[in-house]
Amino acid sequence: MTDISYQDKPIEGEASLGDYFALMKPRVMQLVVFTALVGLLAAPVAVNPVIAFASILFVAIGAGASGALNMWWDADIDGVMKRTAKRPIPAGKVTPDEAKTIGFALSGLSVMMLALSANLLAAALLAFTIFFYVVIYSMWLKRSTPQNIVIGGAAGAFPPVIGWVIATGSMSVEAWLMFALIFMWTPPHFWALALFMKSDYDDAGVPMLTVTHGRKSTRMHILVYTILLVALAVGTAFTAIGGPVYLTAAVILNALFLKGAYDIWRRDEAQAEADEYKVEKSFFRLSLWYLFLHFGAILIEAILPAAWGVWT
Amino acid sequence: MSLRAEHELHRRRKGRNVGVGLMLGAFVVLVLALTVAKVTSGDFELPRIEEGQ
């Protein structure tokens, strides 16, 4: 008797469920879920909790699908860069075709289900976000211009707008302010990363600002974008989604962020190499907290009046 | 004695199949919950027909 399914050697390439999950960029999904949820809760319309949960889940699936399609398209350069060499495709766990199939299938499913659970405008925005991230950013901008991160950042900025549209069915200034916050935050965040992941983008031939304009110019760009971001972030405190809690958080965070950007601008490569990019790394870590706490403050401003009503 | 050896590969496949099964089950439950939420929240109310029409 023979068993044709039996094999002597393990198939190294056969993926586990976790490998497919890794394909969906779970850390990016966390940010998408959080900002979309803040957009949904900051909107002045209450949403049924089941509809809200399902809609945010479909946005997360859409984000994961675009992550899978990005990994399919970028498999060649992911294998060259240290930061991405362990992703499922370059690691040989998932084939590019599998990633492509999963990406397309989940994109279709998420957009269709969001149209059913929320509304057509939210679904159209999700479809556009996937298209923007995969086609405009991954396929076109990433390998052709040093402005890749600047324009491509729009893809990551759409989730709070989608959240807002899920609740209201329309767009408004507040939703676009949240969009602008992420859009302006993305370049300094990624340029700081490019500064200390020294040779990665160089090796892969990705025209990051550090490669095309040099590191001194990148430091200057970080400072200029941070100044614009600070004006926007603090100014948001005086709009409908802002308030005293947001203003306090924004003043502290933006002072720290501006100080970090100034320190990066002041340094040269010799100083940075001497302390192994300590300032750049701490600016990058701060940037993660920066975005999380700004949206956390918007969330508090949104739920505080309701919670206050319950307590009194 | 069974001739079929349980291999690490089989465990990985089983984990994947169970995972996909659970996700499909959760999707069915989610669609049901969405349907109930939509129907009870008034989204699907039929337009009232005036008497005599």
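Conventions used here
- Residues numbered from 1 in each chain as written.
- Chains lettered and ligands numbered in written order.
- Predicted model: local features only at pLDDT ≥ 70, side-chain atom pairs only at ≥ 80, totals over all residues.
- Heavy atoms only, no water.
- Helix = DSSP H or I, 4+ residues; strand = E, 2+ residues; numbered from the N terminus.
- Buried < 20%, exposed > 50% of the residue type's maximum accessible area, 1.4 Å probe, protein only.
- Contact = heavy atoms within 4.5 Å.
- Areas by Shrake-Rupley, 256 points an atom, 1.4 Å probe, with all protein chains shown as cover.
- Lys, Arg positive; Asp, Glu negative; His and termini not counted.
- Charge placed at Lys NZ, Arg CZ, Asp CG, Glu CD.
- Core = buried A, V, L, I, M, F, W, Y, C linked by side-chain atoms within 4.5 Å.
- Salt bridge = Lys/Arg side-chain N within 4 Å of Asp/Glu carboxyl O.
- Axes fitted to C-alpha atoms, helices over the stretch in contact; angles between N-to-C directions.
- Parallel < 35°, antiparallel > 145°, perpendicular 65-115°, else oblique.
- Left-handed = near helix turned anticlockwise from the far one by under 90°.
- Bend = angle between axes of the 7 residues up to and from the residue.
- Polar contact = N/O pair within 3.5 Å; in protein donor to acceptor, adjacent residues only side chain to side chain.

(A) The arrangement of the overall build of chain A in detail. Within chain A, the secondary structure is distributed over 15 helices and 0 strands. Its C-alpha atoms give chain A principal-axis dimensions of about 75 × 55 × 35 Å. Per-residue burial over chain A gives 52% buried out of 312 residues. Once local pairs closer than 6 in sequence are excluded, the contacts in chain A between residues at least 24 apart make up 74%. Carbon and sulfur atoms make up 70% of the accessible area of chain A, which totals about 14,200 Å². Chain A carries 21 positive and 22 negative side-chain charges, and their two centres are separated by 7 Å.

(B) Summary view of the nonpolar core. Residue and element names in this part refer to chain A. Among the nonpolar cores identified, the biggest contains 104 residues, and Leu114, Ile162, Phe295 and Ile298 are the most heavily contacted of them. Here this core takes 14 residues from helix H9 (residues 173-196), the largest share from any one element. Excluding anything up to four places from it in sequence, Leu114 contacts Ser55, Phe58, Val59, Asn119, Ala122, Ala123, Leu126, Ile162 and Ile166.

(C) Representation of the pattern of salt bridges in the model. Residues and elements named next belong to chain A. In the structure shown here, the tally under the stated rule is 13 salt bridges over all chains. Between Arg143 and Asp76 there is a salt bridge; the shortest N-O distance is 2.9 Å. Here Asp76 lies in helix H4 (residues 75-80) and Arg143 lies in the loop between helix H6 (120-141) and helix H7 (148-157), a separation of 67 residues in the sequence. On the basis of relative accessible area, Asp76 is assigned to the partly exposed category, the value being 47%. One salt bridge in this structure joins Arg219 and Glu269, with 2.7 Å as the shortest N-O distance. Of this pair, Arg219 sits in helix H12 (residues 214-235) while Glu269 sits in helix H14 (residues 269-274); the two residues are 50 residues apart in sequence, bridging distant segments of the chain. For Arg219, a relative accessible area of 2% corresponds to the buried category. One salt-bridge network, held together by shared partners, links Arg215, Arg219, Arg267, Glu269, Asp275 and Glu280.

(D) Spotlight on the packing of H9(A) against H12(A). Residue and element names in this part refer to chain A. Contact geometry of H9 with H12 gives a least axis separation of 9 Å together with a crossing angle of 155 degrees. Considering their axes alone, H9 and H12 lie roughly antiparallel with respect to each other. In the packing of H9 onto H12, the handedness of the crossing is left-handed. Between H9 and H12, the residues in contact are Leu177, Ala180, Leu181, Met184, Trp185, Pro187, Pro188, Trp191, Ala192, Ala194, Leu195 and Phe196 and Arg215, Thr218, Arg219, His221, Ile222, Tyr225, Thr226, Leu228, Leu229, Leu232 and Ala233, respectively.

(E) Spotlight on H6(A). Within H6(A), the axis deviates most sharply at A:Phe132, by approximately 30 degrees. Where H6(A) starts, the residue carrying a side-chain oxygen 3.3 Å from the main-chain nitrogen of A:Leu121 turns out to be A:Asn119.

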